[in-house]
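Next come the chains, spelled out residue by residue.
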Amino acid sequence: MSSTGTIGLGILLLFIFLMLVFATLGRRWESTFRALPGLDALGSAIERAVESGERVHLSLGTGSVSGTDSAPALAGLSLLKRIAAITSMSDKPVVATTGDGAMALLAQDSLRTAYNDVGAKDRFETISGRMLGPTPFSYVATLPTMLDTEDVAVHLMVGSFGAESGLAADFGDRKQAMVLAGTDDVQSQALLYATAQYPLVGEEVFAAGAYLDVSPLHKASLRTQDVVRYLVVGAILIGALLRTLGIAP
Amino acid sequence: MAEIRCPMCSKPNPEDAETCNFCGARLKPLMVGSADEPSSAGAPQDPGQNEPVPDWLARIRSKAEADRAEEGEEEDDAPKPADEGGGSPDWLGRLRQAEPLQDEGPPEGHIPDWLEETSEAAEKPFEQESEVRIPDPDRPETGWLDRLRAESPSAQVPEAGEDQAEGPAEADLFEPGSGNALDWLGELEERDIDDASAGLAAEGVSPWAEFETPPEAEDDLSPEADAQDEGQDDWLGDLEGGEPGGLPDWISELSEPGEAQAEEIEPGLEAEDDAPELPDIDLTLPGEEVGLPGPQPELSAPPAMDDDTLETAGTPEGTGEQSGEQSDEQTDEQTDDQSDEQTGVFDWDEVEFDWDSEAAQDELPEIEAPPVSVAGELPHVPALIMGETDDVLKSDAQDFDLSTVELPDWLSEVRPDSGDGEGGRGDLAPATIPNWLEAMRPVETFRPVVDIEPEEEQAIESVGPLAGLRGVLLAEPVVAKPRAATASGARLEVTERQFAQAELLERIVEQEEHEIPAAVAGKRTLPIARWLVSAVMLLAVLIPALTGTPVFPIPQRVSRDLGPLVGIVNTLPTDRPVLMVFDFEPGYSGELDAVAEPLIENLLARGINIVTVSTRPTGPPLAVDLINQIGAPYQVENGRNVLHLGYLSGGPSAVQLFSAAPREAILKGFQLPPEMSGQSAWASPLLRDVHSLSDFGMVAVVAAGTDTAQTWAEQSHPWLGDTPLVMILSQGAEPLIRPYFESLTPQVNGILSGLPTALAYEQLNGRQGMAFSRWNGFGAGAFAAEWLIIAGMAYGLIGWIMRRRRA
Amino acid sequence: MKLGIYVVWAAVATATGLFVLLGYFFQLDLLFGLRLLLIQWAVLLAAGALFLGLFNLLSVHWAKVSLQEGGWPYSALLILMFLVTLVLGLLFGPDYQAVMLLFRYVQLPVEASLLALLAVSLTLAGFRLLSRRRDLASLVFLGAAFLTLLGTAPWPVGADSSLALVVGDLRAWISQVVAAGGARGILLGVALGAITTGLRVLLASDRPYGD
């Protein structure tokens, strides 16, 4: 095993260890996260949508399941479960759309599980998790029609997006819907910062599960990220210092 | 074996017994309307006319009718009995016309035990004078209750909150007609008078309440229930030995339902250990006096009942405390509805017993007979009047003179109360009501003050089984008939907040009924800003493109990244093809075609073969179009110097797979030359010597996003070897890929990004390509965007300043 | 789904993920071969999922046309073009001339237009950003965007002036130092989040495949 592999494996084991420890200590050691305006406003926005008979739309992005762009979509699936449980009894339950077929299947599975958990198994519809288009721009081209016909009031974008994310957020803004958007791509984050009402910058998209209390392990993951981030920062500073002093190779 | 309880003494008797073994009362009442009884034309119609009628009641009725016939209307305002109005519906009315039964009552001369005991109790001195006259057995039967009423002042039922010493309204002395007036009193001797008195006094309930309670209440008449004993003896207290709290069933039947009524009637009564159980009933038949059934044995009439006695007699079950308040609603209603002419009401207020007096033991004080009602009917209680016969009933129907009755000493010393009740009640401890009972008391607003009329003013019941009795809660005019609530009735107190909430609720309900018109769709505002910005941008791009005016000069400055790239391309071996990866969406083709063109042109100009591949389905068509467009001047031929491997499915995973084993990742090709139809692209002579990624002369990745570029940079690096990796990027992806290029161990060997660099590359190539043709439009559009952003910033800042000033 | 079956799926997912992950760290032939095999299976499954997604798309639009819901003519056109392209591609291949024509004159212009629309939308968003979100971050964002545009786009006059050089260097410094550094930090955070997300799936805490 190469040195890179060793370091990588060590970091991986550190991640697992910290996540399990924080998950175990979660109840006794409550964590405090900084406020995210978008996630704070999400609950009330969903409630208003449910009460007014409007729909919540969750976009899982245009990334594939087998690539690196699946991570934010997996985070979006956790969010989808939570929202589906809330909106299961409304007239217009949540609808999840993707730009990838495999992600659409996962969305359907997540919705089915959420409906089963709340005892609304008969209210699940397969088309509530759908693929709008196989390519990013074909997905975005279909989005305005979907937002209009489904009477969307809350437009969530949690997944892997490219430049088309700016268009998607702009379409939601034209519909006067609450737009909460987050992705892993930095370029897209810049576009979303300008176009979305509540942009999620950086890894905030991965923190949505912890803020919505999806599971204890979500909160533990967030705390693990913080710990490792500090370690990385320390390593960067130390490495820069050593490099500056000419010590490091 | 089944048992029957005596209606008088409540002692159990065998089922087949006709008379009580203890008191001699008839156990099985005579049926009204039977063959043995004379039919009565004017018999009152009552719902229970088919019910068995006690013989005593029958005697009372018959006597009352007889009295009525003799004396006629006594009072003008007395309520007419039901039978005079066309037939009394009640069974009691029929009793008035019933033939006196020969076998009614106990045998002559027979003194029941209870009466003997009563005589003994009468030996006790009384604290208060009472006027109780024992009815003279030799006297003809008269309305003995009428005589009582005539001789005793009417007493008021104590008001609520009055001193507990006040007794009930029925304070008239009991005036037995034939000397057997105290028979019923004597029966009560066998009861646990102490229980009754104690309970009554403790709860401060009228002795009438005793008759208003169900038979089960008998057990609660505990003499020990009330601890406060102010020394006022009650002649009923001497009637010990009877069943604890035992009330005769017939008395219980006459009682009003519910203990609460009983409590409210006479609250604040004292409880005395010796409180008698003697019920205080209105035995008056409407409009008639009923004489005693016959010569009564010499009895020691009970002492005059004082208020305490009456109060204690009326204690309901379960009450053992005194209460200073009296809720006499029921009693007040009772008195309100009863006229003064109602007969048969025994005014207990005027009955004072002094149990302690020995003289009271010897003789019975005079007991005033209750005044005769208009109807003149008195309820005949045969069991109470021992030895009474039918003759006595008839003969004494008109008048029952207690003065002729030899009363025991103790009874004679009983004097009726003055009626005020407050004077002689001071030494009686106020009855207390237990907490649980107090909690059941309705709120003050729901407690109308009821004044209990004097006995003479109380109306006589004319219907029902209680016809002829005074002080009865009239069913029809009071209970059955609807009446308006009194002014002091229940008033709902509503606060302003509650009123406002009620109004709000009412408005909400009313709004539900109103049809709300459909909301008019909001007028859609025109996106002026969007149109304006779009127009500016469009004009900025179109005008230079249409006019061809060189607005923006070509920059002389060359990017420092261009040099290394050009050096790599110019040093590539020409016998090894270059792999170009077209990993971008068709939408980016406008920029990336222009950026990639000079590099492709440079490769074609040097005669280097190009092989394309893409990890996106739309990549191969883009590659085909671009290569064909750029390679036209260089006679590019598909399959000879250009080959398209096609679509590499699998995303990033496929990149690694292709990097490791390209021939295994791509099996076919895209738009292969006709001579290669059905063959794999790897059969082409261009790829004859290519077996891995490192066999390519260079790998150039054309990407719009950083992810794709990073994937290729990271996944292919282990398999590139010495083959350079060049990135052709969009302007936005360049900052994130530059670290791969500028690191000490760069994974990217060259970068070509942005239209300015492409334009400079074209200048180096000596050809004006797409970058040049799009330069002016690009410049104008960017220039417009710059000014729009400045305008937006200014607009936002000015608006913010103005709002702050307004605030 | 019963508990037993759910545990099986979780076990399969976890085992698969662990094998692929360990294959990156341990250079063992067995692990390498197993990793390649699993990746190939994932590629095949992704292709199969693409078909399922297309079928799902068809069913949604078919239901729209059947129920005559709002926008059903567009759904009908989509179904028609889908079938035409599918038939042509299956019969003649994706590099068939007709298919290429469809791509060249339909898809390509549409997507290019959408990207052009993006440029307008972004410009409009920049115009309204400070009006909607009046904070320091927005101000810095707009300033950086303006400087980048100014340093990238050509100047109508004074393109070779010293000011243009200064602005160009400033733009390079902003994009390659400030923006790149910030982007690197964001990428590190995203990588950490992606690691934890993937680990939650490996630990079967998150089960996107359903219970």
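Residues numbered from 1 in each chain as written. Chains lettered and ligands numbered in written order. Predicted model: local features only at pLDDT ≥ 70, side-chain atom pairs only at ≥ 80, totals over all residues.

Trainee: Describe the overall build of chain B, with residues and values.
Mentor: Across its full length, chain B carries 29 helices and 15 strands. Looking at chain B as a whole, 65% of its 807 residues are labelled buried. Residue pairs at least 24 apart in sequence account for 90% of intrachain contacts in chain B once pairs closer than 6 positions are excluded. (Helix = DSSP H or I, 4+ residues; strand = E, 2+ residues; numbered from the N terminus. Buried ≥ 20, exposed ≤ 12 C-beta atoms within 10 Å, placed from the backbone. Contact = placed C-beta atoms within 7 Å.)

Trainee: Outline the overall build of chain C, supporting the account with residue identities and numerical values.
Mentor: Tallying secondary structure elements over chain C gives six helices and zero strands in all. Reading chain C from its N end, one meets helices and strands in the order α-α-α-α-α-α.

Trainee: Any details on the interface of chain B and chain C? Residues and values, ideally.
Mentor: In this assembly, 50 residues from chain B lie in contact with 43 residues from chain C. Mapped by element, the contributors of at least two residues to the side of chain B that touches chain C are helix 19 (528-547), helix 21 (589-605), helix 22 (619-631), helix 23 (652-660), helix 26 (734-742) and helix 29 (775-806) of chain B. Ranked by residues supplied to the side of chain B that touches chain C, first place goes to helix 29 of chain B with 17 residues. Split by residue class, the side of chain B that touches chain C holds 29 nonpolar, 15 polar and six charged. (Nonpolar A, V, L, I, M, F, W, Y, C, P; charged D, E, K, R; others polar.)

Trainee: Lay out helix 6 (residues 162-202) of chain C with the relevant residues and their values.
Mentor: Residues and elements named next belong to chain C. Under the 1.5 Å per step criterion, the end-to-end length of helix 6 is 57 Å for 41 residues, consistent within 8% with the ideal 60 Å. Maximum bend of helix 6: about 35 degrees, positioned at Ala180. Phi for Ala204, located one or two positions after helix 6, is positive at around 65 degrees. (Expected span 1.5 Å × (residues − 1). Bend = angle between axes of the 7 residues up to and from the residue.)

Trainee: Describe in detail the interface of chain A and chain C, supporting the description with residues and values.
Mentor: Chain A puts 57 residues into the contact, and the matching count from chain C is 57 residues. Put simply, the parts of the chain that give the side of chain A that touches chain C at least two residues each are helix 1 (3-25), helix 3 (71-87), helix 4 (101-117), strand 3 (129-131), helix 5 (136-149), helix 6 (164-174), helix 7 (186-195) and helix 9 (216-245) of chain A. Element by element, the count of residues in the side of chain A that touches chain C is highest for helix 4 of chain A, at nine residues. Class assignment of the residues belonging to the side of chain A that touches chain C gives a composition of 30 nonpolar, 19 polar and eight charged.

Trainee: Give me the lowdown on the packing of helix 19 of chain B against helix 4 (residues 97-132) of chain C, citing residues and values where you can.
Mentor: Look at helix 19 of chain B against helix 4 of chain C: their axes get within 9 Å of each other, and the N-to-C directions meet at 125 degrees. Comparing their axes, helix 4 of chain C and helix 19 of chain B come out oblique. Handedness of the helix 19 of chain B/helix 4 of chain C crossing: right-handed. Residues Ala529, Arg530, Val533, Ser534 and Met537 of chain B of helix 19 of chain B touch helix 4 of chain C, and the partners they reach there are Ala119, Val120, Thr123, Leu124 and Phe127 of chain C. Of the residues that constitute the contact of helix 19 of chain B with helix 4 of chain C, the class distribution is seven nonpolar, two polar and one charged. (Axes fitted to C-alpha atoms, helices over the stretch in contact; angles between N-to-C directions. Parallel < 35°, antiparallel > 145°, perpendicular 65-115°, else oblique. Left-handed = near helix turned anticlockwise from the far one by under 90°.)

Trainee: Account for the sheet that holds strand 4 (residues 152-160) of chain A, naming residues and giving values.
Mentor: Whether parallel or antiparallel, the strands of a sheet pair through hydrogen bonds between backbone atoms. Residue and element names in this part refer to chain A. The sheet built from six strands is open, its strands ordered 3-2-1-4-5-6 with parallel pairing. Each edge of the sheet is formed by a strand with only one pairing partner; in this case those strands are strand 3 and strand 6 (198-200). The mean angle between the axes of side-by-side strands here comes to 15 degrees, regardless of whether they run parallel or antiparallel. Examined bridge by bridge, strand 1 (residues 55-61) and strand 2 (residues 95-98) share three bridges and lie parallel to one another. Among the inter-strand pairings, His57 is bridged to a residue of strand 2, identified as Val95. Docked against the sheet, helix 6 engages strand 1, strand 4 and strand 5 (178-182), running at close to 165 degrees with respect to strand 5. (Pairing = 2+ DSSP bridges.)

Trainee: Lay out the packing of helix 1 of chain A against helix 9 of chain A with the relevant residues and their values.
Mentor: Between two packed helices, the angle of one axis relative to the other and the distance separating the axes together describe the packing. Residue and element names in this part refer to chain A. Contact pair helix 1 / helix 9: the axes reach a minimum separation of 8 Å and the direction vectors enclose 130 degrees. With respect to helix 9, the axis of helix 1 lies oblique. Crossing geometry of helix 1 relative to helix 9 is assigned as right-handed. Taking contact as the criterion, the partners of Leu14, Phe15, Leu18, Met19, Phe22 and Ala23 in helix 1 are, on helix 9, Pro216, Leu217, Ala220, Ser221, Arg223, Thr224, Val227 and Val228. Of the residues that constitute the contact of helix 1 with helix 9, the class distribution is 11 nonpolar, two polar and one charged.

Trainee: Before we move on, can you summarise the sheet that holds strand 13 (residues 698-703) of chain B with the specific residues and values?
Mentor: Residues and elements named next belong to chain B. Taken in spatial order, the six strands of this open sheet run 12-11-10-13-14-15, and their pairing is parallel. Whereas interior strands pair on both sides, the edge strands pair on one side only; in this sheet they are strand 12 (642-647) and strand 15 (750-753). Neighbouring strand axes in the sheet, compared pairwise and without regard to direction, differ in orientation by 15 degrees on average. Sitting on the sheet, helix 20 (residues 562-570) touches strand 13, strand 14 (725-729) and strand 15, and the angle it makes with strand 15 is about 115 degrees.

Trainee: Which residues make up the pairing of strand 15 of chain B, and what values do they have?
Mentor: Residue and element names in this part refer to chain B. Alternating positions in strand 15 separate into two faces, Gly750 and Leu752 on one and Ile751 and Ser753 on the other, with burial throughout. Here strand 14 runs beside strand 15; their pairing, made up of four bridges, is parallel. Note that in strand 15 the partner of Val726 across the bridge is Gly750. This β-α-β element, strand 14 to helix 26 to strand 15, shows right-handed connectivity. (Right-handed = clockwise from strand over helix to strand, strands pointing away.)

Trainee: Before we move on, could you go through helix 21 of chain B and cite the residues and values that matter?
Mentor: All names here are of chain B. Here helix 21 spans 22 Å end to end across 17 residues, near enough to the 24 Å set by a 1.5 Å rise per residue. The buried count for helix 21 comes to 15 of 17 residues, which makes it a mostly enclosed element. The positive-phi residue at the C-terminal boundary of helix 21 is Gly607, with phi of around 80 degrees.

Trainee: Explain unusual backbone geometry to me, and be specific about the residues and the numbers.
Mentor: All names here are of chain B. The phi dihedral of Gln635 falls on the positive side, at around 45 degrees, and the residue is not glycine. Mapped onto the secondary structure, Gln635 falls in the loop between helix 22 and strand 12. We classify Gln635 as exposed; it has 9 C-beta atoms within 10 Å. Although it is not a glycine, Gln671 adopts a positive phi angle of roughly 50 degrees.

Trainee: Go over the pairing of strand 1 of chain A, please, and point to the residues and values.
Mentor: Residue and element names in this part refer to chain A. Burial within strand 1 is extensive, with seven of its seven residues counted as buried. Sheet analysis places strand 1 next to strand 4, joined by six bridges and oriented parallel. When the bridges of strand 4 are listed, Arg55 appears paired with Val152. A crossover links strand 1 with its parallel partner strand 2, the connecting element being helix 3, and its sense is right-handed.

Trainee: An account of the nonpolar core is needed here, citing residue identities and associated values.
Mentor: In this structure, Ala700, Val702 and Ile728 of chain B are the most contacted members of the largest nonpolar core, which totals 198 residues. Among the elements that line this core, the one with the most residues is helix 6 of chain C, at 11 residues. Setting aside chain neighbours within four positions, we find Ile728 of chain B in contact with Leu592, Val595, Ala596, Leu599, Ala700, Val701, Val702 and Leu752 of chain B. Counting residues in hydrophobic clusters, the runner-up holds eight residues, among them Ile460, Val463, Ala467 and Leu469 of chain B. (Core = buried A, V, L, I, M, F, W, Y, C linked by C-beta atoms within 7 Å.)

Trainee: Report on the confidence of the model for chain B, specifying residues and quantitative values.
Mentor: All names here are of chain B. Looking at chain B as a whole, its pLDDT mean stands at 68, while 48% of the residues score no less than 70. Every residue in residues 125-135 scores below 50 in pLDDT, and together they form 113 contacts with partners more than four places removed in sequence or on other chains. Low pLDDT, under 50, characterises residues 370-376; the stretch is placed with 63 contacts to residues that sit more than four places away or in other chains. (pLDDT = per-residue confidence, 0-100.)

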